[in-house]
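Structural description and commentary
Residue-level listing of the chains:
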Amino acid sequence: ALQSAINNAAVGETIALTSNITLTSRVTVSNVVTIDLNGYIITGNIDDSYGYPWLLESEASQQLMCNIWRKIADYYKNEPVILGYDLMNEPIAPYFDNMEDLNAKLEPLYKRVVKAIREVDNNHIVMIGGAQWNGNFQPFKDSKFDNKLMYTCHRYGGPPTKEAIMNFIHFR
């Protein structure tokens, strides 16, 4: 059923697996998908929740996030159509007074979630986004803590020039 839904989906179309889990087709050459909890309330996504990334301050929520991703990864660990798992979308906005404190908590959380995924799935890529709407990679000190990481970035506004994306280029 999953393969059929993917084969019939348009590129970029979201396929709902459950009310909280969606797959989004990302590549035009072949039908591959990512599992993305973009609007899941526990991630504290600025666009889809109460606005503050409570996840970074709640041990119970972090453990729940690890448990959720471990179960998802266990279910899809041998599914070849899955490119990977996109852990959080735009986890920290730039307008919080304690932004630097929040930023410092992001990489340790990512490491913890990736470790939970790797307990059951070493096959798939794990995608992680930068702080401040997936645009700030300065908080990351250990960019190679897993050998199947993909960093995702978002850039809003400004000219589409090489100079405008140099912070992303230098990060890699």
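Below is a short write-up of the structure.

**Comments concerning the layout of surface pockets**
- A volume near 200 Å³ is recorded for the largest pocket.
- Surrounding the largest pocket, Phe 137, Ser 143, Lys 144, Leu 149, Met 150, Tyr 151, Cys 153, Phe 168, Phe 171 and Arg 172 form its lining.
- Looking at the lining of the largest pocket, the element that brings in the most residues is strand β6 (residues 149-152), giving three residues.
- When its residues are assigned to classes, the lining of the largest pocket shows seven nonpolar, one polar and two charged.

**Observations regarding the environment of Arg 172**
- With respect to the helices and strands, Arg 172 occurs in the segment after α5 (166-171).
- Of the residues examined, Arg 172 reaches a relative accessible area of 76% and is grouped as exposed.
- Along the sequence, Arg 172 and Tyr 151 sit 21 residues apart, while their C-alpha atoms lie 8.8 Å from each other.

**So, the side chain of Asp 121**
- Mapped onto the secondary structure, Asp 121 falls in the loop between α3 (99-118) and β5 (125-129).
- Of the side chains with opposite charge, Arg 118 lies nearest to the buried Asp 121, which makes no salt bridge, at 4.6 Å.
- Within polar-contact distance, the side chain of Asp 121 engages the backbone nitrogen of Asn 123 at 2.6 Å.
- What Asp 121 contacts, discounting residues up to four positions off in sequence, is Ala 73, Lys 77 and Tyr 85.

**Focus: the pattern of salt bridges**
- Counted by the stated rule, this structure contains five salt bridges.
- The shortest N-O distance in the salt bridge between Arg 118 and Asp 146 comes to 3.0 Å. Within this pair, whereas Arg 118 is found in helix α3, its partner Asp 146 is found in the loop between α4 (131-134) and β6, the two being separated by 28 residues in sequence. Both residues of the pair, Arg 118 and Asp 146, count as buried.

**Some words on the environment of Asn 78**
- For Asn 78, the position within the fold is in the loop between α2 (59-76) and β4 (82-86).
- For Asn 78, a relative accessible area of 61% translates into the label exposed.
- Residues Asn 78 and Asn 123, 45 residues apart in the sequence, show an inter-C-alpha distance of 7.4 Å.
- Filtering out sequence-adjacent residues up to four positions away, Asn 78 remains in contact with Asn 123 and His 124.

Criteria and cut-off values
- Residues numbered from 1 in each chain as written.
- Predicted model: local features only at pLDDT ≥ 70, side-chain atom pairs only at ≥ 80, totals over all residues.
- Heavy atoms only, no water.
- 1 Å grid on protein atoms, 1.4 Å probe; cavity = no way out; pocket = protein on both sides within 12 Å on 5 of 7 lines; lining within 4 Å.
- Points joined across faces, edges and corners; volume = space filled by probe spheres on them.
- Helix = DSSP H or I, 4+ residues; strand = E, 2+ residues; numbered from the N terminus.
- Nonpolar A, V, L, I, M, F, W, Y, C, P; charged D, E, K, R; others polar.
- Buried < 20%, exposed > 50% of the residue type's maximum accessible area, 1.4 Å probe, protein only.
- Lys, Arg positive; Asp, Glu negative; His and termini not counted.
- Salt bridge = Lys/Arg side-chain N within 4 Å of Asp/Glu carboxyl O.
- Polar contact = N/O pair within 3.5 Å; in protein donor to acceptor, adjacent residues only side chain to side chain.
- Contact = heavy atoms within 4.5 Å.

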